[in-house]
Amino acid sequence: MMIVCGSSWQDGVDVEMSGRAFISAVFAIVLILPSEAVVEAPVVVDRNGNIAFKVQTFDVPPTTFDPHLLSVAEVYREAAKWGGTIPALNVSILCEISDDGTVDRNTCEADSWSSKEQLLAMRLVRAAPQSALPQFPAINRTALGLAPRGTSPLWSKLVAYRADVPGNSNPPFFRLARVAVRIDRTQPPAVDLTTGPLVELAQISFEAGKDPQMNQYPSRALRENREGTQTAECQVQADRSVICRDESFDPPESALYFAGSADSMFRRVVVQERLKNGANAAGSRFRYKLRWKLPN
C-alpha cells in the first residue's frame, strides 16, 4: 500500500542557477483556485549557456512511497544493492509541472545518476499513480504572455537545464515540483530461484514492448577484447516479471566481464500469463543463452 502524506504544496522555492540574470523584470502570475488562497513563488530568470529560461519551483510535502509499487523483480534487485534490505530513505527529486497543473511523472529525474537512493526515488515516483502527487493550478501560457513549453526540459546530473527552445524570442518558462520522497525500510520479496518447472525458452511469450532488450557490450570486456557465450537461468515471478542469475560462461575466465548482463536484459520484461502449452507461466524457469561477439 502506498501512503500519501499531504495533498497540497508549500510555497514555491526559487532555484538559483549559475550565470547572470537574463531579464531583470519578474513576471507577476496570478493563479486562482476556488475557495483556496494561492501564494505564488516569484519567477526567477536564469541563464544557462546561450539559453535563457524562467523557472518556478514548489516544494511538495514529504510523501511515503512503497517500493512494492515496483515489480517483484525490481524490488529484489533494489534490495540486493543494499545487501538484502532496502533501508529507510529520505531523498528528493525534481519533476516538471504540466500546464494543466499535473506533475508530469515521466519528467522526474534524479539530481545525480550515481546516487542509488535518488534513482530508486525517481523510479517510485514514476511508477506511482497520479493521485499520489498534488494538483497545481493550471496556467494559460498565451494569456500570461509566456513562451510555449519546451519540448524536452530535463534536470540533469550537472544540475543544469537543457531545453529545446521554441522558435520565438520569449525565454521558455518551466514550473517544477521538488518532491520529498520517504521510503520505509523494506525486506525483499520471498524468492527461491531454484524451484519451479524448467521449461524450454520457446514456451515463453513476452508482452508487447516488454521483451528482452539487448545490452550494450560491457565496456571493460570491450576494452580487453573479451567475448564468449553466457548462460543464465531465469524465473518468472508471480507478477510475471523475471529474475535471472548467471549459470555459466564459456570461456569461464571471461565470466566476470559479463556478470549480471543477462539479468539487465530482462529488467523490464513482462511474460504473458500462459506458456505456449497453456500452463501458468508464474514460477516457471527457463535458460537463456547470450552470445557476446566483439564488433569487427
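Further up the page is the structure itself.
Keep in mind the model is a prediction, meaning the values are calculated, not measured. (Residues numbered from 1 in each chain as written. Predicted model: local features only at pLDDT ≥ 70, side-chain atom pairs only at ≥ 80, totals over all residues. Heavy atoms only, no water.)

(A) Just the state of the cysteines, in detail. Scanning the model with the defined rule gives two disulfides in all. One disulfide bridge connects C234 with C244, the sulfur atoms lying 2.1 Å from each other. Measuring handedness by torsion sign, the sulfur bridge of C234 and C244 sits at about 105° and is right-handed. Residue C234 is located in strand β8 (residues 228-236), and its partner C244 is located in strand β9 (residues 242-250); the two are separated by ten residues in the primary sequence. (Disulfide = S-S within 2.5 Å. Helix = DSSP H or I, 4+ residues; strand = E, 2+ residues; numbered from the N terminus.)

(B) View of the packing of aromatic side chains. Counted according to the given criterion, the structure contains eight aromatic pairs. Summarising the aromatic geometry, the rings of F249 and F258 are spaced 4.9 Å apart at their centres and angled 10° between planes, so their arrangement reads as stacked. By the burial criterion, F249 is buried, and F258 matches it. Taken together, F206, F266, F286 and Y288 form an aromatic cluster joined through their ring pairs. (Phe/Tyr/Trp six-rings, centres within 6.5 Å; stacked < 30°, edge-to-face > 60°. Buried < 20%, exposed > 50% of the residue type's maximum accessible area, 1.4 Å probe, protein only.)

(C) Local environment of the nonpolar core. If you look at the biggest cluster of nonpolar residues, it comprises 28 residues, and the most contacted ones within it are F65, I93, L120, V125, V179 and V181. Mapped by element, the contributors of at least two residues to this core are β2 (51-64), α1 (72-81), β3 (89-97), β4 (103-109), α2 (116-127) and β7 (173-183). Other than its neighbours up to four places away in sequence, L120 contacts L70, E78, W82, I86, L89 and I183. Residues I204, V242, L275 and A281 belong to the second largest nonpolar core, which totals 24 residues. (Core = buried A, V, L, I, M, F, W, Y, C linked by side-chain atoms within 4.5 Å. Contact = heavy atoms within 4.5 Å.)

(D) Structural context of the sheet that holds β9. Reading across from one edge, β9-β8-β10 is the order of the three strands in this open sheet, with antiparallel pairing throughout. Each edge of the open sheet carries a strand with a single partner, namely β9 and β10 (285-292). The sheet shows a mean angle of 25° between the axes of neighbouring strands, taken without regard to direction. Taken together, the eight bridges between β8 and β10 define a ladder with antiparallel strand orientation. Looking at β10, one finds that Q235 is bridged to R285. (Pairing = 2+ DSSP bridges. Axes fitted to C-alpha atoms, helices over the stretch in contact; angles between N-to-C directions.)

(E) Broad picture of the pairing of β7. Burial within β7 is extensive, with nine of its eleven residues counted as buried. In the sheet, β3 pairs with β7 via eight bridges, with the strands oriented antiparallel. Bridge pairing in β7 links I93 to V179.

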